[in-house]
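If you want the building blocks of each chain, they are given just below.
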Amino acid sequence: MRSPYTLDNPPPDEPPSNVLVPSLWRVQARWWKRHTPAFDQRGAKHPVCGHCSQSWPCHSWACWDGQLGQAVGGQAAPRALPEPATPVRALGDVVVAAAKS
Ligand SMILES: [Zn+2]
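Just so it is clear, the model here is predicted, and its values are computed rather than measured.

Peer 1: What am I meant to see in the overall build of the chain here?
Peer 2: Each helix and strand in the chain was counted, giving three helices and zero strands. Listing each helix as α and each strand as β along the chain from the N terminus yields α-α-α. When each of the 101 residues of the chain is scored for burial, the buried share is 24%. For the chain, the share of sequence-separated contacts (at least 6 apart) that also reach a separation of at least 24 residues comes to 49%.

Peer 1: When you look at unusual backbone geometry in this model, what are you seeing that I'm missing?
Peer 2: What is expected of a backbone is that most residues other than glycine have negative phi and most peptide bonds are trans. In this chain, W56 is followed by P57 through a cis amide linkage whose omega measures 5°. The backbone of S53 sits at a positive phi, close to 65°, despite the residue not being glycine.

Peer 1: It is not clear to me how the packing of helix 1 (residues 22-34) against helix 2 (residues 59-72) should be interpreted in this structure. Could you clarify?
Peer 2: When two helices pack together, you describe them by how their axes are tilted relative to each other and by the distance separating the axes. Where helix 1 contacts helix 2, the two axes come as close as 9 Å, and the packing angle between them is 145°. Taken as a pair, helix 1 and helix 2 cross one another with a handedness that is left-handed. Only W61, W64, D65, Q67, L68 and A71 of helix 2 make contact with helix 1, whose side of the interface consists of W25, Q28, A29, W31 and W32. For the contact of helix 1 with helix 2, the residue count by class is eight nonpolar, two polar and one charged.

Peer 1: Honestly, the nonpolar core in this entry has me stumped. Any pointers?
Peer 2: The tendency in soluble globular proteins is for nonpolar side chains to be buried as a group. Residues W32, W61, L68 and A71 are the most contacted members of the largest nonpolar core, which totals 13 residues. Contributions of two or more residues to this core are made by helix 1 and helix 2. Each residue touching W61, except ones within four places of it in the same chain, is listed here: W32, H35, T36, C49 and W56.

Peer 1: Help me understand helix 2, please; the structure alone is not making it clear to me.
Peer 2: Since the α-helix packs 3.6 residues into each turn, any two residues three or four apart lie on the same face. End to end, helix 2 covers 20 Å across 14 residues, agreeing with the expected 20 Å (1.5 Å per residue, within 8%). Among the residues of helix 2, those classed as buried are W61, W64, D65, L68, A71 and V72. Buried positions in helix 2, seen along its axis, are confined to an arc of 115° and lie on one side of it. Buried residues in helix 2 make contact with helix 1.

Each value, and the rule that gives it
- Residues numbered from 1 in each chain as written.
- Predicted model: local features only at pLDDT ≥ 70, side-chain atom pairs only at ≥ 80, totals over all residues.
- Helix = DSSP H or I, 4+ residues; strand = E, 2+ residues; numbered from the N terminus.
- Buried ≥ 20, exposed ≤ 12 C-beta atoms within 10 Å, placed from the backbone.
- Contact = placed C-beta atoms within 7 Å.
- Axes fitted to C-alpha atoms, helices over the stretch in contact; angles between N-to-C directions.
- Left-handed = near helix turned anticlockwise from the far one by under 90°.
- Nonpolar A, V, L, I, M, F, W, Y, C, P; charged D, E, K, R; others polar.
- Core = buried A, V, L, I, M, F, W, Y, C linked by C-beta atoms within 7 Å.
- Expected span 1.5 Å × (residues − 1).
- Arc of directions from axis to C-beta.

Structure, rendered in structure tokens:
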């Protein structure tokens, strides 16, 4: 599962409240960020990973991204959800969870 995160919207260091294993999140988010193109590569037509130098998205990034996507279960990604009615509810849950903490 693709995560909702992008280079412009990277995963937070601190796990979202719905993540089951927060300690794992921190590792996954750190590696996700390592396997991204260097800043001078980001506008490139064929960027390469700043960590492993493979063409990006590199294999490692795709793996970490998939793990982050599973960790959030799509709940933090309204656009990734198939049904148009669901994102509003999911977003509401996030807001409520944030308000409680
Ligand atoms: Zn890489």
